[in-house]
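Structural overview
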Number of protein chains: 2
Amino acid sequence: MDKPLEELIYRLSRLPGIGTKTARRLSYFLLDSPPEEAEQLAMAIQEAREKIRECSICHDYTDSDPCSICKSEHRDRTVICVVERPQDVQVMEATGKYNGLYHVLHGVIVPERGIVPQKLRIKELMERLKHEPIKELILATNPTKDGDMTARYITRTLADVDIHITRIAHGIPVGGDLEYYDELTVATALAHRTDYREK
Amino acid sequence: MDKPLEELIYRLSRLPGIGTKTARRLSYFLLDSPPEEAEQLAMAIQEAREKIRECSICHDYTDSDPCSICKSEHRDRTVICVVERPQDVQVMEATGKYNGLYHVLHGVIVPERGIVPQKLRIKELMERLKHEPIKELILATNPTKDGDMTARYITRTLADVDIHITRIAHGIPVGGDLEYYDELTVATALAHRTDYREK
């Protein structure tokens with residue numbers, strides 16, 4: 001097989017969930033399509049990578065800093081919803097049931113894989129809590145072992161800080177992943193959030 | 001959602017078998033990865049699209065014209081295997097059982113969708129047969145309604161030409177289960193039954 005085709009198949013097969021067979025099918029699709037199709041895909045990849053950065057406040061992905069939610073005058077600036085990844089912000093927004101701010105951790109604590117709190121945007125969250133008039137912190141990390149550990153870590157760190165801390169309800173099955181549930185499930189989990197501080 | 005991210009998700013979702021949800025997952029993967037990852041994928045797409053052309057003889061995709069098979073001195077230049085698409089050449093090569101030349105039609109005849117013989121590389125095949133010392137033409141279009149129609153069209157066009165024309169066998173795939181194939185496939189497998197005693 002020719003080098004450029006082999007390289008394209010290899011590069012596509014590095015994407016998550018794309019095996020060699022799918023990568024090959026996609027590669028031939030791109031070769032069969034009008035040249036603009038491939039060109040526009042290549043450009044979209046480059047543009048996204050060049051223009052999208054982390055918002056300096058909430059650390060969601062954005063092409064304008066601060067992001068549109070952090071800049072908005074129509075959001076409740078006294079609530080922060082803490083999520084693991086940027087895509088979780090989209091999931092929350094899709095419920096239409098949340099009107100506060102966000103904070104994206106970019107991961108969860110996984111000690112055995114060397115992901116310690118310092119590798120996440122936790123210190124940035126603590127800084128925000130010092131300067132922003134936050135009344136409630138909703139911990140919306142996934143209800144998994146690591147997501148729970150991260151929620152507990154944040155709660156412990158804030159032991160002496162007077163902020164209402166809540167955790168999204170276990171409407172999401174334990175071990176599940178926010179991204180794969182419909183808006184209603186996520187909305188219910190949000191509505192049923194409970195106090196999270198240890199008594 | 002930001003424009004460059006939306007555009008990337010849209011462009012990825014245009015790929016076959018990639019829905020919006022998968023496109024979103026892939027987009028975030030590219031944003032989460034080191035910038036080189038996205039850059040190399042974008043480059044691979046552009047390089048493939050720029051460098052890969054149709055071989056002027058067999059019309060397979062190639063980055064050097066004529067392609068390595070058409071140029072090879074180790075292939076049987078008296079046999080041409082006619083396939084629908086470039087990826088079928090790879091499938092044939094993977095068997096390790098074929099050592100002749102190829103001709104890629106780039107599709108099959110589908111009158112209801114306006115794909116008439118003139119839109120395929122059929123006239124190019126006829127030209128080859130005038131100038132190359134071909135003894136056998138193996139019709140390896142898929143055993144579908146359209147693939148069969150295309151094979152019949154080529155055969156009729158060559159009615160007055162003295163070349164041995166063969167068609168790949170229909171039947172139950174090796175390892176297949178009778179129960180899972182339709183009546184026509186089973187009936188064809190029965191009609192085309194071969195002697196089974198060892199000689």
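Remember, it's a predicted structure, so these values are computed and weren't measured experimentally.

**Comments concerning helix α6 (residues 122–131) of chain B**
Residue and element names in this part refer to chain B. Every buried residue of α6 is listed here: Ile122, Leu125, Met126, Arg128 and Leu129. Viewed end-on, α6 has its buried residues packed into an arc of 160°, placing them on one side of the element. For α6, the exposed residues set more than 90 degrees away from the buried face come down to Lys130 and His131. Those residues of α6 hidden inside the fold are in contact with β3 (79–83), β4 (101–104), β5 (136–139) and α7 (145–157).

**Looking at the packing of helix α6 (residues 122–131) of chain A against helix α7 (residues 145–157) of chain A**
Residue and element names in this part refer to chain A. α7 packs onto α6 with a crossing angle of 40° between their chain directions and a minimal axis gap of 12 Å. As judged from the angle between their axes, α6 and α7 are oblique. Note that α6 runs across α7; the crossing there is right-handed. Contacts between α6 and α7 involve Ile122, Leu125 and Met126 on the former and, on the latter, Tyr153, Ile154 and Thr157. In terms of residue class, the contact of α6 with α7 is made up of 5 nonpolar, 1 polar and no charged.

**Examining the environment of Val161 of chain B**
With respect to the element layout, Val161 of chain B can be found in the loop between α7 and β6 (164–167). The sequence separation of Val161 of chain B and Lys130 of chain B amounts to 31 residues, and the corresponding C-alpha distance is 9.4 Å.

**What about the nonpolar core?**
Grouped together as the largest cluster of nonpolar side chains are 39 residues, with contacts concentrated most on Met92, Leu129, Leu137 and Ile154 of chain A. No other element matches strand β3 (residues 79–83) of chain A, which puts 5 residues into this core. Apart from the residues within four sequence positions on either side, Met92 of chain A is in contact with Cys81, Tyr102, Ala140, Ile168, Leu178, Val186 and Leu190 of chain A. If you look at the next biggest cluster of nonpolar residues, it comprises 38 residues, including Leu5 and Leu31 of chain A together with Ala42 and Ala48 of chain B.

**Quick notes on the pairing of strand β4 (residues 101–104) of chain A**
All names here are of chain A. Neither face of β4 is left uncovered, since the one carrying Leu101 and His103 and the one carrying Tyr102 and Val104 both have all their residues buried. Here β3 runs beside β4; their pairing, made up of 4 bridges, is parallel. Within the sheet, the bridge partner assigned to Cys81 lies in β4 and is Tyr102. What joins β3 to β4 is helix α5 (residues 86–95), and the crossover it makes is right-handed.

**What about the interface of chain A and chain B?**
At the junction of the two partners, chain A supplies 46 residues and chain B supplies 45 residues. Buried area between chain A and chain B, both sides added, is near 4,700 Å², and the carbon and sulfur share of it is 64%. Across the contact surface, chain A and chain B share 4 salt bridges. Between Arg11 of chain A and Glu37 of chain B there is a salt bridge, with its nearest N and O atoms 4.0 Å apart. Inspection of the region where chain A meets chain B yields 20 residue pairs in polar contact (both at pLDDT 80 or more). Among the secondary structure elements, those contributing two or more residues to the side of chain A that touches chain B are α1 (3–13), α2 (20–32), α3 (35–51), β2 (61–62) and α5 of chain A. Take the side of chain A that touches chain B: its biggest share by element is 14 residues, from α3 of chain A. Classifying every residue of the side of chain A that touches chain B gives 25 nonpolar, 7 polar and 14 charged.

Cut-off values and rules
For every chain, the first residue of the written sequence is number 1, and numbering continues from 1 onward in sequence order. For naming, the first written chain is A and the first written ligand is 1, with later ones following in the order written. Local features in this predicted model are restricted to residues whose pLDDT is 70 or higher, and side-chain atom pairs enter the listing and the counts only when it is 80 or higher, whereas totals over whole chains, interfaces and linings include all residues. As a rule here, side-chain values cover all heavy atoms of the structure and leave hydrogens and water aside. Working definition: with a 1.4 Å probe on protein chains only, accessible area under 20% of the residue-type maximum means buried, over 50% means exposed, and in between means partly exposed. We count a stretch as a helix when DSSP gives it H or I for four or more residues in a row; a strand needs E for two or more, and each element gets its number in order from the N terminus. An arc is given here, and it is the one of the directions from the helix axis to the C-beta atoms. Contacts were defined at the residue level, with two residues in contact if any of their heavy atoms lie within 4.5 Å. For helices, the fitted line uses only the C-alpha atoms of the stretch in contact; every axis is such a line through C-alpha atoms, and the angle between N-to-C directions lies from 0 to 180 degrees. To sort the angles, those under 35 degrees are grouped as roughly parallel, those over 145 as roughly antiparallel, those from 65 to 115 as roughly perpendicular, and the leftovers as oblique. By convention, the crossing between two helices is left-handed when the near helix turns anticlockwise from the far helix through less than a right angle, and right-handed when the turn is clockwise. By the convention adopted, Pro, Cys, Tyr, Trp, Phe, Met, Ile, Leu, Val and Ala count as nonpolar, Lys, Arg, Asp and Glu as charged, and the other residues, Gly among them, as polar. For the purposes of this section, nonpolar cores are sets of buried Ala, Val, Leu, Ile, Met, Phe, Trp, Tyr and Cys residues that join through side-chain atoms within 4.5 Å. A pair of strands counts as paired when DSSP detects no fewer than two bridges linking them. Handedness of a crossover: with both strands directed away from the viewer, a clockwise path from the first strand across the helix to the second marks it as right-handed. Buried area is understood as the total, over both parts, of accessible area removed when two parts are fitted together, assessed with a 1.4 Å probe. Think of a salt bridge as a Lys or Arg side-chain nitrogen and an Asp or Glu carboxyl oxygen that are within 4 Å of each other. Throughout this description, a polar contact denotes any pair of N or O atoms lying within 3.5 Å of each other; where both atoms belong to protein, one of them has to be capable of donating a hydrogen while the other can accept it, and for residues adjacent in sequence the pair is counted only when both atoms sit in side chains.

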